[in-house]
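Observations on the model geometry
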Amino acid sequence: MRTGSEPTTARSALRVRFWLCVWGVVWAIFGTAAFALAGRPGWAMACGVLWVVITIDLAMVLRHIRQGPHYQPGHDVPPYFPPENRPYRPQGPPTDYRPPRPPPEDRRP
């Protein structure tokens, strides 16, 4: 059921993000070490930067998981419905809408 409030009530799959971050950290560490041992400092630096970015993302994910269901509602929390006292906005084209003119007829002699 769509309520129209999905952007404000969307639920993130934090556990999936956590495991993807763990997978990324493992590969970034491996890449940094492998490129450093192979004598490729540019690629080792790139993997090192990626390692730092993934680690920061992992820390944020863990923080959100620890904050609990207030910030990450579980399946037992029903979706939030939009407020009932929103001003009415009619659907459809605006009042000054004019349909497009038909194309000119092809006049051939």
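Residues numbered from 1 in each chain as written. Predicted model: local features only at pLDDT ≥ 70, side-chain atom pairs only at ≥ 80, totals over all residues. Heavy atoms only, no water.

1. Focus: the overall build of the chain
Put simply, the rule reads: Comment: elements are numbered from the N terminus, with helices defined as DSSP H or I runs of at least four residues and strands as E runs of at least two. Whether a residue is buried, partly exposed or exposed follows from its accessible area with a 1.4 Å probe, protein chains only, as a fraction of its type maximum: under 20%, in between, or over 50%, in that order. It only takes one pair of heavy atoms within 4.5 Å for two residues to be counted as in contact. Surface accessibility follows the Shrake-Rupley procedure with a 1.4 Å probe radius. Residue values consider only the protein chains on display as shielding.
Looking only at helices and strands, the chain has 3 helices and 0 strands in total. For the chain, the succession of helices and strands along the chain, N to C, is α-α-α. Taking all 109 residues of the chain together, the buried fraction comes to 18%. For the chain, the share of sequence-separated contacts (at least 6 apart) that also reach a separation of at least 24 residues comes to 74%. Of the roughly 10100 Å² of accessible surface on the chain, 65% is carried by carbon and sulfur atoms.

2. Concerning the nonpolar core
Put simply, the rule reads: To define a nonpolar core, start from buried Ala, Val, Leu, Ile, Met, Phe, Trp, Tyr and Cys residues and group those joined through side-chain atoms within 4.5 Å.
Judged by nonpolar contacts, Leu14, Phe18, Cys21, Val25, Ala28, Ile54, Leu58 and Val61 together constitute the single largest core of 8 residues. Secondary-structure elements contributing two or more residues to this core are α2 (14–37) and α3 (41–67). Looking at which element gives the most residues to this core, the answer is α2, with 5 residues.

3. Digging into the confidence of the model for the chain
Where the model shows low pLDDT, its predicted coordinates should not be examined in detail. As a reminder, the rule being used: Confidence of the predictor at the level of single residues is given by pLDDT, which spans 0 to 100.
Put simply, the chain has an average pLDDT of 78, and 53% of its residues get 70 or more. When mean pLDDT is taken per element in the chain, α2 scores highest with 95 and helix α1 (residues 6–9) scores lowest with 60.

4. What to know about the environment of Leu20
In this structure, Leu20 sits in helix α2. A residue is classified by how much of its surface remains accessible, and Leu20, at 56% relative accessible area, is exposed. The spatial distance from the C-alpha of Leu20 to the C-alpha of Leu58 is 9.0 Å, given a sequence separation of 38 residues.

5. Focus on a nonpolar patch on the surface
Quick reminder of the rule: Patch membership requires more than 30% relative accessible area and the absence of a salt bridge. Residues of like charge join within 9 Å; the nonpolar side chains Val, Leu, Ile, Met, Phe, Trp and Tyr join within 5 Å. Salt bridges are defined by distance alone: a side-chain nitrogen of Lys or Arg within 4 Å of a carboxyl oxygen of Asp or Glu.
Together, Trp23, Val26, Trp27 and Phe30 give the surface a local cluster of nonpolar side chains, amounting to about 500 Å² of exposed area. Structurally, Trp27 can be placed in helix α2.

6. A word on the packing of α2 against α3
Describing two packed helices takes the angle between their axes plus the distance from one axis to the other. Using the following cut-off: Whenever a helix is involved, its axis is fitted only over the stretch in contact; in every case the axis is a line through C-alpha atoms, and angles between N-to-C directions fall within 0 to 180 degrees. If an angle is under 35 degrees, it is roughly parallel; if it is over 145, roughly antiparallel; if it lies from 65 to 115, roughly perpendicular; otherwise it is oblique. If you view the pair so one helix is near and one far, a crossing is left-handed when the near helix is turned anticlockwise from the far one by less than a right angle, and right-handed when it is turned clockwise. Note on residue classes: Ala, Val, Leu, Ile, Met, Phe, Trp, Tyr, Cys and Pro are nonpolar, Asp, Glu, Lys and Arg are charged, and everything else, Gly too, is polar.
For the pair α2 and α3, interaxial distance at closest approach is 8 Å and the crossing angle is 160°. Between α2 and α3, the angle is such that the two are roughly antiparallel. Every pair of crossing elements has a handedness; the one defined by α2 and α3 is left-handed. Taken together, the residues of the contact of α2 with α3 sort by class into 18 nonpolar, 6 polar and 2 charged.

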